[in-house]
Amino acid sequence: MALLAGCVTSADEEFDPLARTALEETAVTQFRGGLRNRGYVDATIPGAVEVDWAMPVNRGEHTAAKSTPVAVGGDDSSDVVVAGDTGTVRRVSAEGEVLWSTEVEPTTRGIHGTPAVANGTVYVGAYDGAMYAFDVETGERRWRTGVGDAIGSSPVYYNGVCYIAVEYADPSGSVAALDAETGDVRWIDRRPTDHPHSTVAIDREAGRLVVGSNDGVCYAWTFPGLERAWTFETDGAIKGPVATYDGLAVFGSWDRHVYGVDLADGTEAWSFAAEEDVMSGPAVDPEGTVYVGSHDARLYALEAATGEERWRFQAGGWIIGSVTATREHVLAGAYDARLYALEAATGEERWSVEGRGHATSAVLLDDGALYYAERATGERPGLLYRLVPA
């Protein structure tokens, strides 16, 4: 750990992100649905929903968006894995039975990142600054690697490697690549000058790896070369995941703007002004529409190529979590304890369901059901919900 903390850039000389490996090339499931963090699911949602069951998973006061449940995958499983801000990771059946539960090392903020599942393993980072690997069948810990002082982002898995943004107390940060089988650090770059909560995006077509940071900078590296490419500065923290689409990096900033930045050279293609900070992770559908929330309690639909507004929806509270887009609808949780389903074409509300806490995770669609998690409020823990057709 001391060796990593003292380095600026370090790489295993034999590390090649594209080298053939016995491990799976892509994750069974991970945050935002893939390497480019687009948050799009090629599925339909029910015309109306009701709560099937709910269970407590979050108890902390930290205002960062909460971990999103992920599907275990496989033809014979409808189970999900969910991580909580208590530091507990659970595998839960479709009936709401906890099949196993495991803990990370003691940490005040537990886990806020969303796990990735590949190679029969659950990968997740925690606020003790370590990456973990757990057996997806039993919950048994396979390895733990301390990389920094905290991890609030989600791992991105590709070709046997987990890429993760890491925080240091200074404050500063890094992006690291860990071997998914052993947990060994294969590459690390201490480039960010403040905490990076943002989740890494990898765009193979554009040849870029990008991430945002609390210093207001979007950082880019070449991929697979992992050489420093460019930086793009905003006037506020970039806390949400960066999405990539058609040669652009799309992200929000706490300077109240959403940006489209050219992946090739880091120049601004467009910006859109919201009325408050933008922490939400954008979703991008195949037709080229960006959906993103804001602290102004609005969900915006923007043209991906130009940033032009298509519509806006007014919720009853902040929208800070990542948005999920489907074939015909958009799903977003808000601080008014509601999960909203909107018509993608018009922004008209299709339905909403009320929980009891701040709905800040993204939504998982799996086997006809919807799952999401909320932040605790007061003395009441935040719940994981399973919604089914009404």
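One can find the structure itself at the top, above this paragraph.
Owing to the predicted nature of the structure, the values given are computational and were not obtained by experimental measurement. For every chain, the first residue of its written sequence is number 1, and the numbers climb from 1 along that sequence. Totals for whole chains, interfaces and linings use all residues, but because this is a predicted model, local features are given only for residues with pLDDT of at least 70 and pairs of side-chain atoms are given and counted only at 80 or more. Values reported for side chains reflect all heavy atoms of the structure, with hydrogen atoms and water molecules removed beforehand.

(A) Quick peek at the overall build of the chain. A run of DSSP states H or I qualifies as a helix once it reaches four residues; a run of E qualifies as a strand once it reaches two. Both are numbered from the N-terminal end. Counting secondary structure elements, the chain contains one helix and 34 strands. C-alpha atoms define the radius of gyration, and 2.2 Å times the number of residues to the power 0.38 defines the globule rule. For 390 residues, the compact-globule formula gives about 21 Å, and the C-alpha radius of gyration of the chain, at 19 Å, lands near that figure. Burial classification: accessible surface area is computed with a 1.4 Å probe over protein chains only, and a residue below 20% of its type maximum counts as buried, one above 50% as exposed, and the rest as partly exposed. A total of 390 residues make up the chain; the buried ones form 64% of that total. Contacts are assigned to residue pairs with any non-hydrogen atoms lying within 4.5 Å of each other. Restricting to contacts in the chain with at least 6 residues of sequence separation, those with at least 24 account for 50%. Only the protein chains shown count as covering a residue, and every accessible area follows the Shrake-Rupley method with a 1.4 Å probe. Summed over its atoms, the accessible surface of the chain is roughly 14,300 Å², and 42% of this surface lies on carbon and sulfur atoms. When the 30 positive and 60 negative side-chain charges of the chain are each reduced to one mean point, those points stand 3 Å apart. By the counting rule applied here, Lys and Arg register as positive and Asp and Glu as negative, while His and the ends of each chain are not counted. Where a charge sits is defined by one atom per residue type, namely NZ (Lys), CZ (Arg), CG (Asp) or CD (Glu).

(B) Summary view of the packing of aromatic side chains. Pairing of aromatic rings covers Phe, Tyr and Trp, the last through its six-membered ring, and needs centres within 6.5 Å; plane angles under 30 degrees mean stacked, over 60 mean edge-to-face, and all others mean tilted. All chains considered together, the criterion is met by 16 aromatic pairs. With 5.9 Å between their ring centres and 75 degrees between their planes, Tyr-163 and Phe-223 make a pair best called edge-to-face. A residue pair is termed long-range when its members are at least 10 positions apart, and Tyr-163 in strand β12 (residues 161-168) and Phe-223 in the loop between β17 (217-222) and β18 (228-233) qualify at 60 residues. We note that Tyr-163, like Phe-223, is buried. Pairwise contacts between aromatic rings join Tyr-123, Trp-143 and Tyr-157 into one cluster. When the ring centre of Phe-31 is taken as origin, the NZ or CZ atom of Arg-32, which lies over that ring, is 5.7 Å away. Lysine and arginine charges are scored as sitting over a ring when NZ or CZ, respectively, is within 6 Å of the ring centre and within 35 degrees of the ring normal. Over the ring of Trp-254 we find Lys-239, and its NZ or CZ is 4.8 Å from the ring centre.

(C) Region of interest: the sheet that holds strand β16 (residues 208-212). By the convention used here, strands pair only if DSSP detects at least 2 bridges between them. Strand order in the open sheet made by the four strands is β15-β16-β17-β18, with antiparallel pairing throughout. Only two strands of the sheet have a single partner each, and these edge strands are β15 (201-203) and β18. Neighbour-to-neighbour, the strand axes of this sheet turn through a mean angle of 20 degrees, independent of strand direction. Inspection of the sheet shows β17 paired to β18 by five bridges, in the antiparallel sense. Note that in β18 the partner of Tyr-219 across the bridge is Thr-231. Between N-to-C directions, angles cover 0 to 180 degrees, with each direction set by a line fitted to C-alpha atoms, over the stretch in contact for helices.

(D) Fine view of the environment of Tyr-335. Tracing the sequence through the fold places Tyr-335 in the loop between β28 (329-333) and β29 (338-343). Owing to a relative accessible area of 17%, Tyr-335 belongs among the buried residues under this scheme. Taking the C-alpha atoms as reference points, Tyr-335 and Thr-360, 25 residues apart in sequence, are found 7.5 Å from one another. Setting aside chain neighbours within four positions, we find Tyr-335 in contact with Thr-63, Gly-317, Trp-318, Ile-320, His-358, Thr-360 and Arg-375.

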